[in-house]
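# Coordinate analysis (summary)
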Amino acid sequence: MHGFKWMSPPIAGLGLIAIALAIWVIAIWKPPIALPPPDPAIQSPDSQFLRHHWIVSPQQAKMLVEHGATLLDARPLKALRPKRLRGAIAVSWQDFSQSQKPHRGQLLEDDRQLEGLLRPIGVFRDRPVVVVGDPVNGWGEEGRIVWMLRTLGHDRAVWVDGGHVALKAAGIPETLSLSPTQPQNGDFEVRRRPDWTVTRDELKQQIHQNHIVIIDSREPREYRGQTPYGESRGGHIPGAVSLYYREFLAPSGMLLPRDRILAQLAERGITPALPIATYCTGGVRSAWLAAVLTDLGFEAKNYPGSLWEWSASPAEDYPLRVDFNSK
């Protein structure tokens, strides 16, 4: 008898699986990030440029990588699978930070220990370091790594505007992360610089002298007093301006244009006239913001201890203001 016949159960099952996979791919697929066409006038950034800029375009980053720069992937480990950019070394900001509460935001104190961690991942004294993150889903880890390297004395560490996705779109191919890159051992030597770091007691003193602008880079709910990430006390440092760091990001993960960022800062009364101190919970989001501000020409310092440290200190000496009613 001719006519339509039902598929046998195994074949029907395979068909349902294929349909389910197609639906899953459609659900998670995101259109590729839109980058401007390559500009033939763009040159690979030289040492002088890199000393004054902490952020580079995807095209500039591609040139640096192709000329031998060390490429670090600062995305959270769960985001590194199954692929990473070819030649990229996975790093975590926690590896270079203290592990004990309430100092988890502070860098390790032993310079030799830090060198022992940085050299095996290919960090050299005279070689640029390019860092990618996940600006859409991350916490500003790329900014934290660059702030750390600059603070430790590396003057050519930069992160990529738009992160991993943007550098891939610029032409750096991906590879399976199951085959980790074995970098050449570096020769970096730690020579700490105080230029971009403020300590708890330095910040306290400058608050009393009214010689600094303080920016709270956390979410508005944290600024008002909620403690979702383990602070001992809620609230914000008195006088701090609330500026959630993601306000400077477009939905694609690219930074907003320079003039728009400057306009947002000016609306809050933030100008280059006074130095800036940034903080968050553990000095990650605030390091990212300090990097953006420094790249714009502001004098900005990150408070790495941030609220984990400040809120664990005596309340009479290190007060926090709670304002649950503010927007």
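Report follows, based on the coordinates.

Here we come to the sheet that holds strand E10 (residues 276-279). If you trace the four strands from one edge of the open sheet to the other, you get E9-E8-E10-E11, paired in parallel fashion. The open sheet has two edge strands with one neighbour each: strand E9 (241-242) and strand E11 (300-302). Sheet topology places E10 next to E11; three bridges connect them, and they run parallel. The residue of E11 that forms the bridge with threonine 278 is asparagine 302.

So, about the pattern of salt bridges. Inspection of the entire model under this criterion finds 18 salt bridges. The closest approach of N and O atoms between arginine 125 and aspartate 187, which form a salt bridge, is 3.2 Å. With arginine 125 in the loop between helix H4 (111-118) and strand E5 (129-132) and aspartate 187 in the loop between strand E7 (174-176) and helix H7 (200-209), this pair connects stretches of sequence that are 62 residues apart. The exposure class of aspartate 187 is partly exposed, given its relative accessible area of 27%. Taking relative accessible area as the criterion, arginine 125 reaches 45% and is therefore assigned partly exposed. Salt bridges sharing common partners tie together Arg125, Asp187, Glu189 and Arg191.

Take the side chain of asparagine 302 next. With respect to the helices, strands and loops of the structure, asparagine 302 is situated in strand E11. Asparagine 302 sits in the buried class, given a relative accessible area of 0%. Those residues within four positions of asparagine 302 in sequence are excluded, and the remaining contacts are Trp147, Trp196, Thr197, Val198, Thr278, Gly283, Ser286, Ala287 and Ala290.

What counts, and where the lines are drawn
- Residues numbered from 1 in each chain as written.
- Predicted model: local features only at pLDDT ≥ 70, side-chain atom pairs only at ≥ 80, totals over all residues.
- Heavy atoms only, no water.
- Pairing = 2+ DSSP bridges.
- Helix = DSSP H or I, 4+ residues; strand = E, 2+ residues; numbered from the N terminus.
- Salt bridge = Lys/Arg side-chain N within 4 Å of Asp/Glu carboxyl O.
- Buried < 20%, exposed > 50% of the residue type's maximum accessible area, 1.4 Å probe, protein only.
- Contact = heavy atoms within 4.5 Å.

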